Amino acid sequence: MEDTAGSNPQSLGFTEKLKSWLSWSWTYVCFIWFGMVLIMIYVLWSPLKLQETLTSASVFLNTLTPKFYVALTGTSSLISGLILIFEWWYFRKYGTSFIEQVSVSHLRPLLGGVESSSTTGLFTSVNGEAEPRPSVSECKVWRNPLNLFRGAEYNRYTWVTGKEPLTYYDMNLSAQDHQTFFTGDTPQLRPEDAVMQKAWRERNPQARIRAAYQAIEMNHECAAAYVLLAEEEATTITEAERLFKKALSIGKNILEYTVHELLLHYINLLVYIKRRLAMCARKLGRIKEAVKMMRDVSFHQKLHHVILDRNYLPKSATICYTSALLKARAVSDKFSPEAASRRGLSTAEMNAVEAIHRAVEFNPHVPKYLLEMKSLILPPEHILKRGDSEAVAYAFFHLQHWKRAEGALNLLHCTWEGTFRIIPYPLEKGHLFYPYPGCTETADRELLPSFHEVSVYPKKELPFFILFTAGLCSFTAMLAMLTHQFPELMGVFAKAVSSLTTYQTCIA
């Protein structure tokens, strides 16, 4: 998973930028060539009428009044201003220029400007060979293992603020998870299970709760229905814990006499219930009980043994930043930027700084939340690794741990931005990890609520067409204002420009 060697990232970035510039240059050359062809056709089609046309155009321009120029420049400024507003809105929403996207998607293929596909999706490995870059898997969303309770936490936030903390896309993913997790592999659904499958798909929370009660009426030992009520109807953690315990008792009783085909279904259900009960105990301050309940989930222990045996750690913001916190905690209480600049970093301090750089490279969005440079929101039910959603989820639960370690946030504040000097072109080549995926912004905008400003890395520059349209709008607005204030002077200037243009054309 790591990429620690290879070609110089600066030279690689220059090569990629040169290719992009050449492809765009080819597109512009094609546009200019097409325009010149049209002009030549017009000139060759009526060569004898060219002089007459220019003379009549000159006479027409000389007879125009200043009001016409005011109207012309004002209309041009208005149209370019509307285009600028649309371009800005489109860039804020989708992260790209509309004109540029249309040019790339539709016009460039027609004009033959197709990018080379030989290096698309490749990155340099340690031995210098090109390997495929797993861009699709990097932008896969994952279930947030510490997602909050809808009734007791998410809904309470909505009652207080009037804002919806969860997006429909996020809740739809959760509905699919529940259907697959609880009833997806069941060969033959019981009537109450069919009702619960429909309940997970309901968009209206009250409809889901009514369906859960309907399933309980069909079978008083429908554990999945109590799970839904604990998640969505319970308004306190204590009430949610009571419903989960009831579901756990039902699940254990059924597990004793269930048939083999339904065994996996109830094991999954019990694992889910125990994990949520552990979260309830943790939120209620019973930490030892929460740890004991997680130990009781035997498959978690087996999974940890497998991971340790294979010497493999799944990379996540939690692992990277927790490792950085543990190393920073050993030196942060005595760390001073001034003293470190004079004497240099000790071995322990260097290890802590390297761990911070490693964590920031994996997810650069986290430090602003830990340093409270950006306000936190409730974490979504799904997260995107290396994305803003993962950063929100990590900081929401671990900010308190960084604050407890004296000086840890100060060390983070002094060192985290140094990571960006190590990876000057993060979309093209990384230092310790794969290049930073460029698809995270789109996925995070689907997972995070609309009132949250999605963190984007690296920060995108304004597209050329927005700058061009802004300049055109400003220039035409200035001409309109000058023509309105000094109509006679601008009229003389316009006539002089038209006469000079006609004279140059006649000479040519």
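Quantities reported herein were computed from a predicted structural model and do not represent experimental measurements.

### Considerations on the overall build of the chain
(1) Moving on: On a plain count of helices and strands, the chain comes out with 24 helices and 4 strands.
(2) Moving on: For the chain, the residues scored as buried account for 41% of the 508 residues in total.
(3) Moving on: Carbon together with sulfur atoms contributes 62% to the accessible area of the chain, which is approximately 29,500 Å² in total.

### Observations regarding the packing of aromatic side chains
(1) Moving on: If you walk through the whole model with that rule in mind, you get 8 aromatic pairs.
(2) Moving on: With a centroid separation of 6.1 Å and an interplanar angle of 55°, the aromatic rings of Phe-149 and Phe-244 are classed as tilted. Separated by 95 residues along the polypeptide, Phe-149 in the loop between β3 (141-143) and α6 (150-161) and Phe-244 in helix α11 (residues 237-257) bring together distant segments of the chain. Taken individually, Phe-149 and Phe-244 each receive the classification buried, so the pair is uniform in this respect.
(3) Moving on: Between Phe-362 and Phe-433, the ring centres sit 5.3 Å apart and the planes meet at 65°, which makes this aromatic pair edge-to-face. Remark: Phe-433 occurs in the loop between α21 (419-422) and α22 (440-447) and Phe-362 occurs in helix α17 (residues 347-362); sequence separation between them is 71 residues.
(4) Moving on: Following the ring pairs from residue to residue traces out a cluster consisting of Trp-416, Phe-420, Tyr-436 and Tyr-457.
(5) Moving on: Above the ring of Tyr-168, the side-chain terminus of Arg-203 is found at 3.9 Å from the ring centroid.
(6) Moving on: Looking at Arg-276, its charged tip hangs above the ring of Phe-149, at a distance of 4.2 Å from the centre.

### Topic: the side chain of Ser-389
(1) Moving on: In this fold, Ser-389 is placed in helix α19 (residues 388-404).
(2) Moving on: Not counting residues within four places of it along the chain, the set of residues in contact with Ser-389 comprises Pro-380, His-382, Ile-383, Leu-384, Asp-444, Leu-447 and Leu-448.

### Some remarks on the environment of Thr-75
(1) Moving on: Locating Thr-75 in the fold gives a position in helix α3 (residues 66-94).
(2) Moving on: Residue Thr-75 is classed as partly exposed on the basis of its relative accessible area of 43%.
(3) Moving on: Measuring from C-alpha to C-alpha, the distance between Thr-75 and Ala-480 comes to 8.9 Å, with 405 residues separating the pair along the chain.

### Re the environment of Ile-83
(1) Moving on: In this structure, Ile-83 sits in helix α3.
(2) Moving on: C-alpha of Ile-83 to C-alpha of Ile-99: the two residues are 16 residues apart in sequence and 9.9 Å apart in space.

### Considerations on α22
(1) Moving on: All buried positions along α22 are accounted for by Thr-440, Glu-441, Ala-443, Asp-444 and Leu-447. For α22, the arc enclosing every buried residue in end-on projection is 165°, short of the 170-degree limit, so these residues lie on one face.

### Quick look at the packing of helix α15 (residues 317-329) against α17
(1) Moving on: Contact geometry of α15 with α17 gives a least axis separation of 8 Å together with a crossing angle of 160°. Relative to α17, the element α15 lies roughly antiparallel. Note on packing geometry: the crossing formed by α15 with α17 is left-handed. Together, Ala-317, Cys-320, Tyr-321, Ala-324, Lys-327 and Ala-328 of α15 and Asn-351, Ala-352, Ala-355, Ile-356, Ala-359, Val-360 and Phe-362 of α17 make up the contact between the two elements.
(2) Moving on: Of the residues assigned to the contact of α15 with α17, the class counts are 11 nonpolar, 1 polar and 1 charged.

### Some remarks on the nonpolar core
(1) Moving on: In this structure, Met-196, Val-227, Phe-244 and Ile-273 are the most contacted members of the largest nonpolar core, which totals 40 residues.
(2) Moving on: Elements supplying a minimum of two residues to this core: α8 (191-201), α9 (205-218), α10 (223-232), α11 and α12 (263-283).
(3) Moving on: Of all the elements, α12 adds the most residues to this core, at 9 residues.
(4) Moving on: With near-sequence residues (within four places) excluded, Met-196 lies in contact with Ala-212, Ala-215, Cys-222, Ala-224, Ala-225 and Leu-228.
(5) Moving on: Grouped together as the second largest cluster of nonpolar side chains are 36 residues, Val-366, Leu-370, Ala-391 and Leu-412 included.

### Quick look at a nonpolar patch on the surface
(1) Moving on: A cluster of nonpolar side chains, namely Leu-78, Leu-82 and Ile-85, defines an oily patch on the protein surface of about 330 Å² accessible area.
(2) Moving on: Along the chain, Leu-82 turns up in helix α3.
(3) Moving on: With relative accessibility at 52%, the residue Leu-82 sits in the exposed group.

### Looking at unusual backbone geometry
(1) Moving on: Here the residue pair Tyr-457 and Pro-458 is connected by a cis peptide bond, since its omega of -10° sits within 30 degrees of zero.
(2) Moving on: Relative to the elements of secondary structure, Pro-458 occurs in the loop between α22 and α23 (464-485).
(3) Moving on: Notably, Glu-372 is not glycine yet its phi reads approximately 55°, a positive angle.
(4) Moving on: Owing to a relative accessible area of 52%, Glu-372 belongs among the exposed residues under this scheme.
(5) Moving on: In this model, Arg-386 sits at a positive phi of 75°, which is unusual for a non-glycine residue.

### Quick notes on α10
(1) Moving on: For α10, the tally of buried residues reaches 10 of 10 residues, placing the bulk of the element in the interior.
(2) Moving on: Buried within α10 are the following residues: Ala-223, Ala-224, Ala-225, Tyr-226, Val-227, Leu-228, Leu-229, Ala-230, Glu-231 and Glu-232.

### A short note on the pattern of salt bridges
(1) Moving on: Tallied over the full model, the rule gives 12 salt bridges.
(2) Moving on: Between Asp-177 and Arg-143 there is a salt bridge; the shortest N-O distance is 3.8 Å. Taken together, the residues span a long stretch of sequence, with Asp-177 in helix α7 (residues 168-183) and Arg-143 in strand β3 at a distance of 34 residues.
(3) Moving on: Judged by relative accessible area, which is 24%, Arg-143 ranks as partly exposed.
(4) Moving on: Overlapping salt bridges bring together Arg-150, Arg-208, Glu-232 and Glu-381 as one network.

### Comments concerning the environment of Thr-318
(1) Moving on: Its place among the elements puts Thr-318 in helix α15.
(2) Moving on: With sequence-adjacent residues up to four places away left out, Thr-318 is seen in contact with Tyr-394 and His-398.

### Focus: the side chain of Arg-276
(1) Moving on: Along the chain, Arg-276 turns up in helix α12.
(2) Moving on: Look past the residues within four positions of Arg-276 in its chain and what remains in contact with it is Asn-147, Leu-148, Phe-149, Glu-231 and Phe-244.

### Regarding the confidence of the model for the chain
(1) Moving on: Across the chain, pLDDT averages 75, with 66% of residues at or above 70.
(2) Moving on: Looking at the elements of the chain, mean pLDDT is at its lowest for strand β1 (residues 122-124), recorded as 33, and at its highest for helix α18 (residues 366-370), recorded as 95.
(3) Moving on: Within the model, pLDDT remains below 50 along residues 113-137, and this stretch shows 42 contacts once partners closer than five positions in the same chain are excluded.
(4) Moving on: Ignoring residues within four places in sequence, the model shows residues 298-313, a span with pLDDT below 50, making 6 contacts including any to other chains.

What counts as what
Residues numbered from 1 in each chain as written. Predicted model: local features only at pLDDT ≥ 70, side-chain atom pairs only at ≥ 80, totals over all residues. Heavy atoms only, no water. Helix = DSSP H or I, 4+ residues; strand = E, 2+ residues; numbered from the N terminus. Buried < 20%, exposed > 50% of the residue type's maximum accessible area, 1.4 Å probe, protein only. Areas by Shrake-Rupley, 256 points an atom, 1.4 Å probe, with all protein chains shown as cover. Phe/Tyr/Trp six-rings, centres within 6.5 Å; stacked < 30°, edge-to-face > 60°. Lys NZ or Arg CZ within 6 Å of the ring centre and 35° of its normal. Contact = heavy atoms within 4.5 Å. Arc of directions from axis to C-beta. Axes fitted to C-alpha atoms, helices over the stretch in contact; angles between N-to-C directions. Parallel < 35°, antiparallel > 145°, perpendicular 65-115°, else oblique. Left-handed = near helix turned anticlockwise from the far one by under 90°. Nonpolar A, V, L, I, M, F, W, Y, C, P; charged D, E, K, R; others polar. Core = buried A, V, L, I, M, F, W, Y, C linked by side-chain atoms within 4.5 Å. Patch = residues over 30% accessible without salt bridge, like charges linked within 9 Å, V, L, I, M, F, W, Y side chains within 5 Å. Salt bridge = Lys/Arg side-chain N within 4 Å of Asp/Glu carboxyl O. pLDDT = per-residue confidence, 0-100.

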